[in-house]
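A structural walkthrough
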Amino acid sequence: MAENEDGQEKTEEPTSKRLDDAKKKGQIARSKELNTMAITLIGGMALVGMSGSLGQGLVKIMSSNLTIPREEMFDVMAMTRRLVSSIQDALLMLAPFFAVVVVVAVLSSIALGGMAFSAQAMTPKLSKMNPLKGLKRLFSIKGLIELAKAMAKFFLVGGATALVLWLTLDSFINLSGMGLEPAIRELVNLVGWAFVLVSSTLILVAAVDVPFQIWDHKKQLKMTRQEIREEMKDTEGRPEVRGRIRQLQREMATRRMMDEVPKADVIVTNPTHYAVALRYNQARMNAPVVVAKGTELVAANIRRVGTEHAVPIIESPMLARAIYFHTELGEAIPAGLYLAVAKILAYVFQLKAYVPAQGKKPAEPGELQIPDELKVPE
């Protein structure tokens, strides 16, 4: 079982933050065997596909260099010019092949783990030069697997090469009886197919190495429970910081709620422990909505703000408790409280329209009926 420096077992899967941090450091799953297999296999196929053009190019270069005019025999710079020209022709001839190999090398290197550039990974580390750590890596499980892969490649590639040479020996011997141009084309074709057949054996090595690299990468990034707790603290903040943030959020929510109190039509109280502020717009709302609610100090502040803005305050303990416990901020009151709240609002609207000395003062709503399922005991 993997352990960290404190001796704790790394039993937990890496978090997304751990994986992202590792990628920034250049620690991603990579398979050299996949890269080698892809380059040799696709390179061999490209060699077979381009055997015709490569053969013609080689014939052209050989013909131009083996046919020397008499006047160049006495020119000391003639051979240099021929050499430069031959190199240029060879590079132009091999450019498509090199392009294919480069593209395959890039794609195969990022096929496992994706693309990642890290300056930190390129920074020299003196710890990697420690011979003791080198010996530890050499005799580790990973070192043994690397040795097994090297031995497997030796036997697979060696055996495949011997088999290909044995099977194609007659074809190579027959080249001596062919003309120069067809012989060169056939040679390129034979070499390309030999590469394809030999490199095909590396598919077995890559098929074993890729899952191992993925497993080993995740194993290295595994975490202890303490590391996960520390990461959560760093990500979400220390408990005292989170507490302070929650406190500020509550204060901001309370301030926003208090801004809605002056817009309320009525405040229903307990009278001291609970307070709820209701607003009703018949044109826009299907039922009265709770715009503010609170207990104790918050309830006192709701009453204070309501008094400052002349919002009617009605004492109805059972109704105040029922609305407080069964309705959230911004929600309409339950259907079971429609009748009781309607009586309260009717009284408030009549009270606003009442003019002293001009008619009888509206009667208070009196006892309100609260459904048993919505009643909240004191």
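Before reading on, note that the structure itself is shown above.
Our subject in this report is the structure included herewith. A quick note: this is a predicted structure, and the numbers were derived from the prediction, not measured.

Considerations on the packing of aromatic side chains
Working definition: an aromatic ring pair is given by the centre-to-centre distance plus the angle between the planes. Counted according to the given criterion, the structure contains six aromatic pairs. Between the aromatic rings of phenylalanine 154 and phenylalanine 155, the centroid separation amounts to 5.3 Å while the plane-to-plane angle is 75°, which identifies the pairing as edge-to-face. Each member of the pair, phenylalanine 154 as well as phenylalanine 155, is classed as exposed. Lying over the aromatic face of tyrosine 324, lysine 293 brings its terminal NZ or CZ to 4.7 Å of the ring centre.

Thoughts on unusual backbone geometry
The backbone phi angle of glutamate 296 is positive, close to 50°, even though this residue is not glycine. Counting through the fold element by element, glutamate 296 comes out in helix 12 (residues 296-308). Take glutamate 296: its relative accessible area is 48%, and that puts it in the partly exposed class. Even without glycine at this site, alanine 310 takes up a positive phi of about 60°.

Description of the nonpolar core
Core analysis: the biggest nonpolar cluster contains 23 residues, and Leu278, Leu319, Ile323, Leu337 and Val341 have the highest contact counts within it. Excluding its chain neighbours within four sequence positions, the residues that come into contact with leucine 278 are Ala264, Asp265, Val266, Val268, Val289, Val290, Ile323, Ile333 and Val341. Among the nonpolar cores identified, the runner-up in size contains 13 residues, and Met257, Ala292, Ile302 and Val305 belong to it.

Focus on a nonpolar patch on the surface
Taken together, Leu144, Leu147, Met151, Phe154 and Phe155 make up a surface patch of nonpolar side chains, about 570 Å² in accessible area. Assignment of secondary structure puts leucine 144 in helix 7 (residues 141-174).

Regarding the side chain of asparagine 270
Tracing the backbone through its elements, the reader meets asparagine 270 in the loop between strand 1 (266-269) and strand 2 (274-279). Of note is the side chain of asparagine 270, whose polar atom sits 3.1 Å from the side chain of arginine 321. Non-local contacts of asparagine 270, meaning those with residues more than four positions away in its chain, are made with Pro317, Ala320 and Arg321.

A few points about the environment of threonine 307
In this fold, threonine 307 is placed in helix 12. Taking the C-alpha atoms as reference points, threonine 307 and isoleucine 267, separated by 40 residues in sequence, lie 9.7 Å from one another.

Digging into the pattern of salt bridges
Pairs can form between side chains of opposite charge whenever their charged atoms are close. In total, this model carries five salt bridges according to the counting rule given. Note that lysine 153 is salt-bridged to glutamate 33, the shortest N-O span being 3.2 Å. Linking lysine 153 in helix 7 with glutamate 33 in helix 2 (residues 32-49), this pair joins segments that are 120 residues apart in sequence. Arginine 304 is the partner of glutamate 308 in a salt bridge, and the nearest nitrogen-oxygen pair spans 3.2 Å. With a gap of four residues between them, glutamate 308 and arginine 304 both fall in helix 12, about one helical turn apart.

Digging into the sheet that holds strand 3 (residues 289-295)
Strand order in the open sheet made by the four strands is 3-2-1-4, with mixed pairing throughout. Strands with a single pairing partner mark the edges of an open sheet, and in this sheet they are strand 3 and strand 4 (313-315). Adjacent strand axes in the sheet meet at a mean angle of 20° when their direction is disregarded. When strand 2 meets strand 3, the two strands line up antiparallel, connected through six bridges. Paired with alanine 275 across the bridge in strand 3 is glycine 294. Contacts from helix 12 reach strand 1, strand 2, strand 3 and strand 4 within the one sheet, and its direction differs from that of strand 3 by about 130°. Packed on one face of the sheet, helix 13 (residues 317-326) meets strand 1, strand 2, strand 3 and strand 4 and runs near 75° to strand 2.

Thresholds, definitions, all that
- Residues numbered from 1 in each chain as written.
- Predicted model: local features only at pLDDT ≥ 70, side-chain atom pairs only at ≥ 80, totals over all residues.
- Heavy atoms only, no water.
- Phe/Tyr/Trp six-rings, centres within 6.5 Å; stacked < 30°, edge-to-face > 60°.
- Buried < 20%, exposed > 50% of the residue type's maximum accessible area, 1.4 Å probe, protein only.
- Lys NZ or Arg CZ within 6 Å of the ring centre and 35° of its normal.
- Helix = DSSP H or I, 4+ residues; strand = E, 2+ residues; numbered from the N terminus.
- Core = buried A, V, L, I, M, F, W, Y, C linked by side-chain atoms within 4.5 Å.
- Contact = heavy atoms within 4.5 Å.
- Patch = residues over 30% accessible without salt bridge, like charges linked within 9 Å, V, L, I, M, F, W, Y side chains within 5 Å.
- Areas by Shrake-Rupley, 256 points an atom, 1.4 Å probe, with all protein chains shown as cover.
- Salt bridge = Lys/Arg side-chain N within 4 Å of Asp/Glu carboxyl O.
- Polar contact = N/O pair within 3.5 Å; in protein donor to acceptor, adjacent residues only side chain to side chain.
- Pairing = 2+ DSSP bridges.
- Axes fitted to C-alpha atoms, helices over the stretch in contact; angles between N-to-C directions.

Any functional reading would require information that these geometric values do not contain.
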